[in-house]
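Residue-level structural notes
In case you want the letters, here they are:
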Amino acid sequence: MLNEQNLFLIFLSAFLVNNILLIKFLGLCSFFGISSDIKASVGMGLAVIFVMVMACSVSWVVYHYILAPFHLEFLRTLTFILTIASLVQFEEIFIRKKAPALYKSLGIYLPLITTNCAILGVAFLGIDYKLTFIQNLLYSFGASCGYCLSILLFAGIREKLSTAPIPENLKGIPIAFITASLMSLAFLGFKGLFKL
């Protein structure tokens, strides 16, 4: 039986304790690639929230009502990737028409959501953790919100670092990796609060 406390713990686990970027290290390509600008990071975060929640929900339904009953679990990866690719195409068309500036700032990283391992990883984890549909929905929402939080924090720090007196050989990507590792260490402080 689901209760509100369990649902909150599932969300909190995905959001902070097992953050998809800073603890599980999935989706780092877009994390480093788009996080130099806060506006682009907001757009990417919202795009990932939409795609991750929708893809995980559809993938859960496909797995439980098509693949598992017919013993086609071996098609899980292919099916989930097709689901994610379809949703990203829909989102790309929508953003191109409704927000051309955001579409241009996201550049190559928007189509790369299709191969973003964070989305595929969360879809797999929802199945592997044997979550119900509602739990899976909350887990994917928590994971995508954690992605959004991480990329926004990182973008804010990177914008501040761009004007900071940093030694020349550490500017750019080197300081970004150092910053991401320190953020990851900070998020490790949430480990052990509870287990999913």
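Scroll up to find the structure.
In what follows, the accompanying structure is described. (Residues numbered from 1 in each chain as written. Predicted model: local features only at pLDDT ≥ 70, side-chain atom pairs only at ≥ 80, totals over all residues. Heavy atoms only, no water.)

Concerning the overall build of the protein
- A tally of regular secondary structure across the protein gives eight helices and zero strands.
- Helices and strands in the protein line up, N terminus first, as α-α-α-α-α-α-α-α.
- In summary, the protein has a C-alpha radius of gyration of 17 Å against a globular reference of 16 Å for 196 residues, a match within 12%.
- Each of the 196 residues in the protein was classed as buried or not, and the buried ones make up 46%.
- The contacts in the protein between residues at least 6 apart in sequence include a share of 79% that link residues at least 24 apart.
- If you sum the accessible surface of the protein, you get close to 10,300 Å²; carbon and sulfur atoms cover 71% of it.
- For the protein, the distance from the average site of its 13 positive side-chain charges to the average site of its 8 negative ones is 2 Å. (Helix = DSSP H or I, 4+ residues; strand = E, 2+ residues; numbered from the N terminus. Rg over C-alpha atoms; globule rule 2.2 N^0.38 Å. Buried < 20%, exposed > 50% of the residue type's maximum accessible area, 1.4 Å probe, protein only. Contact = heavy atoms within 4.5 Å. Areas by Shrake-Rupley, 256 points an atom, 1.4 Å probe, with all protein chains shown as cover. Lys, Arg positive; Asp, Glu negative; His and termini not counted. Charge placed at Lys NZ, Arg CZ, Asp CG, Glu CD.)

Some words on the pattern of salt bridges
- Scanning the model with the defined rule gives three salt bridges in all.
- Here Arg76 ties to Asp128 by a salt bridge, and the two come within 2.9 Å at their closest N and O atoms. Of this pair, Arg76 sits in helix α4 (residues 76-98) while Asp128 sits in helix α6 (residues 117-128); the two residues are 52 residues apart in sequence, bridging distant segments of the chain.
- A salt bridge links Glu168 to Lys171; the nearest nitrogen and oxygen atoms lie 3.7 Å apart.
- According to the relative accessible area criterion, Glu168 is exposed, its value standing at 63%. (Salt bridge = Lys/Arg side-chain N within 4 Å of Asp/Glu carboxyl O.)

Quick look at the layout of surface pockets
- By volume, the largest pocket amounts to about 150 Å³.
- In terms of lining, the largest pocket is formed by Ser36, Arg158, Leu161, Ser162, Ala164, Ile166, Lys171, Gly172, Ile175 and Ala176.
- Its residues assigned to classes, the lining of the largest pocket shows five nonpolar, three polar and two charged. (1 Å grid on protein atoms, 1.4 Å probe; cavity = no way out; pocket = protein on both sides within 12 Å on 5 of 7 lines; lining within 4 Å. Points joined across faces, edges and corners; volume = space filled by probe spheres on them. Nonpolar A, V, L, I, M, F, W, Y, C, P; charged D, E, K, R; others polar.)

Considering the nonpolar core
- By size, the foremost hydrophobic cluster in this structure holds 54 residues, and its most contacted members are Phe31, Met44, Met52 and Ile113.
- Sequence-distant contacts of Phe31, defined by excluding residues within four places in its chain, comprise Leu21, Leu22, Tyr147, Ser150, Ile151, Phe154 and Ala180. (Core = buried A, V, L, I, M, F, W, Y, C linked by side-chain atoms within 4.5 Å.)

Observations concerning the packing of helix α3 (residues 38-67) against α4
- Here α3 crosses α4 at 140°, and the two axes come no closer than 9 Å. Both α3 and α4 take part in a crossing whose hand is right-handed. Packed against α3, whose contacting residues are Leu46, Ala47, Phe50, Val51, Met54, Ala55, Val58, Ser59, Val62, Tyr63 and Leu67, the element α4 presents Arg76, Thr79, Phe80, Thr83, Ile84, Leu87, Val88, Phe90 and Glu91 at the interface. (Axes fitted to C-alpha atoms, helices over the stretch in contact; angles between N-to-C directions. Left-handed = near helix turned anticlockwise from the far one by under 90°.)

Brief notes about the side chain of Arg158
- For Arg158, the position within the fold is in helix α7 (residues 133-161).
- In this view, Arg158 contacts Phe32, Ser35, Ser36, Ile173 and Ala176; residues no more than four positions away in its chain are not counted.

Here's the deal with unusual backbone geometry
- Even without glycine at this site, Phe25 takes up a positive phi of about 55°.
- Looking at where Phe25 falls in the secondary structure, it is placed in the loop between α1 (4-17) and α2 (28-34).
- Residue His71 is not a glycine yet carries a positive backbone phi of 55°.
- Among the structural elements, His71 can be located in the loop between α3 and α4.
- We classify His71 as exposed; its relative accessible area is 61%.

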